[in-house]
Amino acid sequence: MTPAIVILGQGSLATARSIQQVYPGAQIHGLAGRVEGADQTYSEFGATLRQLYQQGTPIIALCAAGIVIRTLAALLLEKGEEPAVLAVAEDGSAVVPLLGGLGGVNGMAREIAAALGVAAAITTSGELRFGTCLLNPPQGYQLADLELGKRFVSDLLAGEQVRIEGAAPWLEQANLAQDQQARLSIHVGSAERVPAANELLIYPKNTWVACRPGAELASRVRQALQQDGIAVQSLACLLADDADMASGQLQEAALELGVPLRFTTLAAGPDIVIHGAAAPVDLAQLGRPRGRLAVIGLGPGAAELMVPAVKAELARCTDVLGYETYVRMAGPFRADQVQHCTDNREEMQRARHAFELAAQGRSVVVVSSGDPGVFAMAAAVLEALHESSDPAWQRVELEILPGVSASLATAAQAGAPLGHDFCVMSLSDNLKPWSIIEKRLDLACQADLALAFYNPISRSRPWQLGRALEIVAQHRNAATPVVLGRDIGRPGQTLRTLTLGQLTPDQVDMRTMVLIGSSTTCAFPRLGGGEWVYTPRWYGEKPLS
Ligand code: SAH
């Protein structure tokens, strides 16, 4: 997993950038107000560090080891999987691995120390003696039992010799006193066995099962492995036919077995076929994953208003598509994530491109500002899918992830102007006739709904807003509260409250959200300047409270 580099002051940025060279995807998190030019800012050190830790993100903190320990102390009692946590001196003169021995913290400390030209402060005795953490075999291998393993390592540290059974290429460099007659052994193999007290058992993930969907698939795979005497820990993945990509039974089985699903064109044959290789399976060489397409909403702009599911999607995706401004807003991205920026108008083309990429097995994100379902990409993506007869497109895992829409972000800043029934309209007549806009507007006004106008005006649509306001004025009086939110949640945002009588089209541009009250919407001064605007929850006569 990509680490996070957390810094508290400007003086650490240079060291942080050197560490970033070692982990190109890692983001530098800088304290707001203290650090200029970090990749991300945070306002509270403790909360940020604890959140990263709880998410399992490896942490490289450029500050005193004591600060890191104190900050995470309360979380340390919860035993479980622990990410690597390191403290690095601000000037890069010391690298101290603190936590996460099994998460490879010592290896990271060595990598960082090498980049900074210093020695890592390794204190783990096994690691010092053997030059590797025996309990943390490399990717593609799995330790059978951690507790037995710890006892094994302490025996080894007491000075015993060891024999290696099976292929353990990563131990060739290790400092182990080997002897074929030794009592202790490190056993690497996929055969199912109960680890003996004097052995460190490690399973290579060298087995895959080609299968077709069916009931109880996970337990049938387990049984088949058992019959062949293969440990389930050696299972690297399930391999299925492309046509079964969307099968829920396959997904369930993979989840239950804790392995990824890969797809290819399977030759006809039995429902379950076990395959094995000598070395761990390289997943990149075995079929491809089911493609994924997520249409996400970034919210108005501010990072705090982006929902966590969207952040997670941006972190996992391989490809990002969207209008350049939004792609930039969604970043920064890692070097391995491909950005496909397009013009704002090419929505259908972008939607089709997204499906083409996802159908190849990639994990694609299409970005919209605000909510993707509000005058944005979600409908275009679904239209593209609806029109397509390509089975590969149908099999893509499609998800729409919501965001805070501009009308809601603007309303929240003004108070609660949309606190009762309201109507959302786009004033753009690019994709619908102007006459229908006039008709809907007239009816919405007749219904006394509060109004939210998206796309209120642009250079190519200069007169439409003026005409729309004429229609509104036929139904609402001049004192009706109006809210104008421009670039809400973005740098330089402005919020104005005024009245319908004061509103003219020249106060509005394409980056503005226009909210117009209903007959019950009211406004009152707020302490510190400006006004609160709200539409009461009731209509007609105020209920007794
Ligand atoms: N999907 C977006 C809307 C896209 S339509 C959403 O849910 O917010 C584009 C229009 O949205 C703009 O013309 C403007 O009227 C409004 N808009 C989008 N972002 C805005 C922001 N940050 N502040 C004010 N208005 C915004």
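All values reported here derive from a predicted model rather than from experimental measurement.

S.K.: Please provide a residue-by-residue account of the environment of Tyr534, values included.
M.R.: Mapped onto the fold, Tyr534 is located in strand 27 (residues 531-534). The exposure class of Tyr534 is partly exposed, given its relative accessible area of 34%. Put simply, Tyr534 and Ile28 are 506 residues apart on the chain and 41 Å apart in space, counted from C-alpha to C-alpha. Sequence-distant contacts of Tyr534, defined by excluding residues within four places in its chain, comprise Ala416, Pro417, Thr520, Thr521, Cys522 and Phe524.

S.K.: Describe the pairing of strand 13 (residues 261-264), and please don't skip the residues or the numbers.
M.R.: When strand 12 (residues 235-241) meets strand 13, the two strands line up parallel, connected through four bridges. Looking across to strand 13, one finds that Asp241 is bridged to Thr264. In this fold, the crossover linking strand 12 to strand 13 by way of helix 8 (residues 248-257) has right-handed handedness.

S.K.: Give a description of the pairing of strand 27 that names residues and reports values.
M.R.: By the bridge criterion, two bridges tie strand 20 (residues 415-416) to strand 27 in an arrangement that is parallel. Bridged to Ala416 within strand 27 is Tyr534. Counted along the chain from strand 26 (residues 522-525) to the antiparallel partner strand 27, the turn is five residues long, and its residue Gly528 has a positive phi close to 95 degrees.

S.K.: Provide a residue-level description of the site of the ligand, including the pertinent values.
M.R.: Looking at the ligand, there are 20 residues lining it, with Val374, Ser405, Ala406, Met510 and Thr512 nearest. Contact distances for the ligand include 2.9 Å between an oxygen atom and a backbone N or O atom of Asp371. Measuring from an oxygen atom of the ligand, one finds a backbone N or O atom of Ala406 at 2.8 Å. Protein coverage of the free-state accessible area of the ligand, which is 540 Å², stands at 93%. Split by residue class, the shell around the ligand holds ten nonpolar, six polar and four charged. For the shell around the ligand, the two domains that each supply at least three residues are domain 4 (292-404) and domain 5 (407-534).

S.K.: Tell me about the packing of helix 1 (residues 13-22) against helix 4 (residues 105-116), and name the residues and values.
M.R.: Closest axis-to-axis distance for the helix 1/helix 4 pair is 9 Å, and the angle between their directions is 120 degrees. With respect to their mutual orientation, helix 1 and helix 4 come out oblique. Like other packed secondary-structure pairs, helix 1 and helix 4 cross with a definite hand, here right-handed. Residue-level inspection shows Thr15, Ser18, Ile19 and Val22 of helix 1 in contact with helix 4, the latter providing Glu111, Ile112, Ala115 and Leu116. When its residues are assigned to classes, the contact of helix 1 with helix 4 shows five nonpolar, two polar and one charged.

S.K.: Can you explain a nonpolar patch on the surface? Please cite residues and give values.
M.R.: On the surface, a nonpolar cluster with roughly 340 Å² of combined accessible area is contributed by Phe375, Leu408, Phe422 and Val424. As for its placement among the helices and strands, Phe422 is situated in strand 21 (residues 422-426).

S.K.: Please set out the sheet that holds strand 26 residue by residue, giving values where relevant.
M.R.: Neighbouring strands of a sheet are bound in pairs by backbone hydrogen bonds; such pairs are parallel or else antiparallel. The strand order across the open sheet formed by three strands is 20-27-26, and the pairing between neighbours is mixed. Taken across any chain shown, the strands that pair with only one partner, and hence form the sheet edges, are strand 20 and strand 26. Two elements, strand 26 and strand 27, share four bridges in a ladder whose sense is antiparallel. Its bridge partner lying in strand 27, Pro525 is registered against Glu531.

What counts as what
Residue positions within a chain follow its written sequence, with the count starting from 1. The model is predicted, so local features are restricted to residues of pLDDT at least 70 and side-chain atom pairs to those at 80 or more, both for listing and for counting; the totals for chains, interfaces and linings are taken over all residues. Derived side-chain values reflect all non-hydrogen atoms in the structure, with water molecules and hydrogen atoms excluded from consideration. The numbering of helices and of strands both runs from the N terminus, where a helix is a DSSP run of H or I of at least 4 residues and a strand a run of E of at least 2. Buried means the residue's accessible area, taken with a 1.4 Å probe over protein chains only, is under 20% of the maximum for its type, while exposed means over 50%, and partly exposed covers the values in between. When checking whether two residues touch, look at their non-hydrogen atoms; a contact exists if any pair is within 4.5 Å. Two strands are said to pair when DSSP picks up at least two bridges between them. When the strands point away from the viewer and the connection leading from the first strand across the helix to the second strand turns clockwise, the crossover is called right-handed. Being near a molecule or strand, for a residue, means having at least one of its heavy atoms within 4 Å of it. Here a polar contact is taken to be a pair of N or O atoms separated by no more than 3.5 Å, where protein atoms must pair a possible hydrogen donor with a possible acceptor and residues adjacent in sequence count only if both atoms sit in side chains. Surface accessibility follows the Shrake-Rupley procedure with a 1.4 Å probe radius. Residue values consider only the protein chains on display as shielding. Gly counts as polar in this scheme, as do all residues outside two lists: the nonpolar Ala, Val, Leu, Ile, Met, Phe, Trp, Tyr, Cys and Pro, and the charged Asp, Glu, Lys and Arg. Segment limits for the domains were obtained from an automatic or database-derived domain assignment. For helices, the fitted line uses only the C-alpha atoms of the stretch in contact; every axis is such a line through C-alpha atoms, and the angle between N-to-C directions lies from 0 to 180 degrees. Roughly parallel here means an angle under 35 degrees, roughly antiparallel means over 145, roughly perpendicular means 65 to 115, and every remaining angle is called oblique. Handedness of each helix crossing follows the sense of rotation of the near helix against the far helix: counterclockwise by less than a right angle gives left-handed, clockwise gives right-handed. Only residues whose relative accessible area exceeds 30% and that form no salt bridge enter a patch; like-charged residues are grouped when within 9 Å of one another, and nonpolar side chains (Val, Leu, Ile, Met, Phe, Trp, Tyr) when within 5 Å. Salt bridges are identified by distance alone: a Lys or Arg side-chain nitrogen within 4 Å of an Asp or Glu carboxyl oxygen.

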